Amino acid sequence: MARAFAPGKCILFGEHAVVYGQPAVAVSIEAGVEVSISESNRWSLEGMPFEASKHPHISHILNDIFQYSGPPLEIDIKSSLYSAAGLGSSAALSNAMGAALQELVDPESTLDLISLARMGHSAEANAQKGRASPTDTATSALGGCVVVSGSSPAGTKHIFDATLETPEGSRNWSISKVEIPEIEDVWLVLGFTGIGSPTGDMVAGVSELLKSDPLKMKEIEAIGEITYSGLRELSSGNMEEVGRAMNECQERLRKIGVSSPELENLISATESHSLGAKLTGAGGGGCMVSLTRNPQRVAECIEIAGGRPLVSKFGSGGARIVAEEN
Ligand code: MEV
């Protein structure tokens, strides 16, 4: 039996714009996905027959990346993330699957987080019609605070580069890590609208909008500028300014049509107790995030407004092998 865990992520700045080469800043969260794999006499997923076509991330890792030809596998998944909610559940699933499979086929190997992030990115791109930035998968694999951008911004540590052929042409990203000051009294509170929103559809929707109205590209560029200034404030621990930049980012996200009445409802419900609040991830439904010194109050406001809260500290660890229980 091999078992691995990979965390979900919260994008603080830059969702959607990052698909067009602008920077994004994301942090790993405490909740995530654990995958257990053991050899068996029949293929199964959660006790049901495994149908590869219904699970593109898993089958891409098994067949295209590992070219797995060993005995059938029994695969089990435990997730503490809402799925299709902008928390990187498919990236965490891909990474946990890649790490667990690596452990199963080569238990002596040490987990290489960069290879894992590349694997996860390939699985995401495959499932999202060729359009996926490495943001979710890199943040889930590496953990902490991750910047994905055209080139490594000042004050960050370059980790690796990623390239992808998308339907709109070739894209290159540089993935870096940022050390953020110890943040004791500020939390992230995620609020799930309860509405699932497939990332691939949202990304395709933005692509259509930009084709029909090329002037909207200025919103994408503005998100890039806000992301750089948010990153500077985050690096110096100036959380009031980080919150302000999150609010500005939300204004631009509205203009590219990825917010929704349900997201706006949760954002305004938390406003008076937040340093800043915005949608996080692909939008359309999914989650908003509040940056706050009063997580309990914000979680209550989200619940009262009909959402489901999830409180997290900043930037927990990345993907890891889970030791077998005795
Ligand atoms: C999804 O969490 C983030 C998007 O920017 C898509 C991507 O980066 O692949 C919307």
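None of the values given here were measured: they were computed from a predicted structure. (Residues numbered from 1 in each chain as written. Predicted model: local features only at pLDDT ≥ 70, side-chain atom pairs only at ≥ 80, totals over all residues. Heavy atoms only, no water.)

Caption draft 1: The pairing of strand β2 (residues 24-39), seen in detail. With 14 of 16 residues buried, β2 is to be regarded as a mostly interior element. As paired elements, strand β1 (residues 2-13) and β2 share ten bridges and run antiparallel to each other. By the bridge assignment for β2, F13 is matched with V25. As defined by bridge partners, β2 adjoins strand β6 (residues 145-149) across four bridges and the pair is classed as antiparallel. Considered in β6, the bridge of A24 is made with V148. With seven bridges connecting them, β2 and strand β5 (residues 73-79) associate as antiparallel partners. Looking at β5, one finds that E39 is bridged to L73. (Buried < 20%, exposed > 50% of the residue type's maximum accessible area, 1.4 Å probe, protein only. Helix = DSSP H or I, 4+ residues; strand = E, 2+ residues; numbered from the N terminus. Pairing = 2+ DSSP bridges.)

Caption draft 2: Quick look at the pattern of salt bridges. Overall, the coordinates contain 13 salt bridges when judged by the stated rule. Here K78 makes a salt bridge to E34, at a shortest N to O gap of 3.6 Å. Of this pair, K78 sits in strand β5 while E34 sits in strand β2, and the two are 44 residues apart along the sequence. Relative accessible area serves as the criterion here: at 56%, K78 is assigned to the exposed category. Taking the shortest distance from any N to any O, the salt bridge between R293 and E240 comes out at 2.8 Å. Residue R293 is located in the loop between β11 (287-292) and α9 (295-304), and its partner E240 is located in helix α7 (residues 239-255); the two are separated by 53 residues in the primary sequence. One continuous salt-bridge network, built from bridges that share partners, spans R3, E34 and K78. (Salt bridge = Lys/Arg side-chain N within 4 Å of Asp/Glu carboxyl O.)

Caption draft 3: Just the sheet that holds strand β12 (residues 308-312), in detail. Here four strands make up an open sheet; going across it, the order is β10-β11-β9-β12 and the pairing antiparallel. Every other strand in the sheet has two partners, leaving β10 (276-280) and β12 as the edge strands with one partner each. Looking at each pair of strands side by side, their axes are set apart by 25° on average, direction ignored. Where β10 meets β11, five bridges bridge the pair, whose relative direction is antiparallel. (Axes fitted to C-alpha atoms, helices over the stretch in contact; angles between N-to-C directions.)

Caption draft 4: Looking closely at helix α4 (residues 135-142). With eight of its eight residues buried, α4 lies for the most part within the structure. Buried within α4 we find T135, D136, T137, A138, T139, S140, A141 and L142.

Caption draft 5: Molecular detail of the environment of S290. With respect to the helices, strands and loops of the structure, S290 is situated in strand β11. For S290, a relative accessible area of 0% puts it in the buried group. Along the primary structure S290 and K278 are separated by twelve residues, whereas in three dimensions their C-alpha atoms are 6.8 Å apart. Excluding residues that lie within four positions of it along the chain, S290 makes contacts with W187, L188, V189, T270, S274, G276, A277 and V298. (Contact = heavy atoms within 4.5 Å.)

Caption draft 6: Looking closely at the state of the cysteines. In this structure the tally under the stated criterion is zero disulfides. Left unpaired, C145 is separated from the closest cysteine sulfur, that of C10, by 10 Å. Its sulfur unpaired, C301 is 16 Å from the next cysteine sulfur, which belongs to C287. C301 sits in the buried class, given a relative accessible area of 9%. (Disulfide = S-S within 2.5 Å.)

Caption draft 7: The domain arrangement of the protein chain, seen in detail. Each domain of the protein chain was delimited in the assignment, giving domain 1 (2-180 + 316-321) and domain 2 (187-313). If you average the C-alpha positions of domain 1 and of domain 2, the two centres end up 22 Å apart. Each partner contributes residues to the interface: domain 1 has 37 residues there, and domain 2 has 49 residues. For the domain 1 and domain 2 pair, buried surface summed over both sides reaches about 3,200 Å², with 70% attributable to carbon and sulfur atoms. Ranking the residues of domain 1 by area buried against domain 2 places F13, H16 and Y82 at the top, with a combined share of 23%. Taken together, domain 1 and domain 2 are joined by one salt bridge. Salt-bridge contacts for E15 lead to K278; the nearest nitrogen and oxygen are separated by 2.9 Å. Counting every contact that joins domain 1 to domain 2 gives ten residue pairs in polar contact (both at pLDDT 80 or more). Elements represented by at least two residues in the side of domain 1 that touches domain 2 include exactly β1, β2 and β6. Ranked by residue count, the leading element in the side of domain 1 that touches domain 2 is β2, at seven residues. A per-class count over the side of domain 1 that touches domain 2 returns 22 nonpolar, nine polar and six charged. (Domains from an automatic or database assignment. Buried area = accessible area lost by both parts, 1.4 Å probe. Polar contact = N/O pair within 3.5 Å; in protein donor to acceptor, adjacent residues only side chain to side chain. Nonpolar A, V, L, I, M, F, W, Y, C, P; charged D, E, K, R; others polar.)

Caption draft 8: Fine view of the site of the ligand. K9, H16, A132, S133 and D136 are the nearest of the 14 residues found near the ligand. In this structure, an oxygen atom belonging to the ligand sits 3.0 Å away from a side-chain N or O atom of K9. S133 has a polar side-chain atom sitting 2.5 Å from an oxygen atom of the ligand. Compared with its free state, where it exposes 300 Å², the ligand has 98% of that area covered by protein. For the shell around the ligand, the class distribution of residues is six nonpolar, five polar and three charged. Shared between two domains, the shell around the ligand holds at least three residues of each, these being domain 1 (2-180 + 316-321) and domain 2 (187-313). (Near = heavy atom within 4 Å. Areas by Shrake-Rupley, 256 points an atom, 1.4 Å probe, with all protein chains shown as cover.)

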